[in-house]
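Summary of structural features
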Amino acid sequence: MGQFLRWNSAFDLIGISVRSISIWLLNLPDPIDSIRNNPDYSIRLASKRNGASIWEPSSGYNNLGVTLHVK
């Protein structure tokens, strides 16, 4: 306890826009090129929202549940 952890890594944060709505997803892929695009090697966040996992196994992305409405 009381220690600071610094984590340096590459990650993808994308917004999927449909008209004026953006849904945010986070991908933390493995840094090794040969498996970087394989969702089985992405970091899965241990989180649930409304009882459902935020993990999307087909893409390896975590749905952050953040929706931005632009008017």
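Since the model is a prediction, treat every value here as computed from it, not as a measurement. (Residues numbered from 1 in each chain as written. Predicted model: local features only at pLDDT ≥ 70, side-chain atom pairs only at ≥ 80, totals over all residues. Heavy atoms only, no water.)

Looking now at unusual backbone geometry. Here the phi dihedral of N50 falls at roughly 55 degrees; this positive angle occurs in a residue that is not glycine. Among the structural elements, N50 can be located in the loop between β3 (48-49) and β4 (52-53). (Helix = DSSP H or I, 4+ residues; strand = E, 2+ residues; numbered from the N terminus.)

Before going further, it helps to examine the environment of L45. Note on placement: L45 falls in the loop between β2 (21-27) and β3. Using a relative accessible area of 25% as the deciding quantity, one classes L45 as partly exposed. It is 9.6 Å that separates the C-alpha atoms of L45 and N63, two residues lying 18 residues apart in sequence. With residues near it in sequence (within four places) discarded, L45 still touches L26, L28, I54, N62 and L64. (Buried < 20%, exposed > 50% of the residue type's maximum accessible area, 1.4 Å probe, protein only. Contact = heavy atoms within 4.5 Å.)

This part takes up the environment of P29. Within the secondary structure, P29 sits in the loop between β2 and β3. We classify P29 as buried; its relative accessible area is 8%. C-alpha separation for the pair P29 and D40, spaced 11 residues apart in sequence, amounts to 9.1 Å.

Before going further, it helps to spend a moment on the side chain of N63. Tracing the sequence through the fold places N63 in strand β6 (residues 61-69). Residues in contact with N63, not counting those within four places in the same chain, are I23, W24, L25, R49, I54 and E56.

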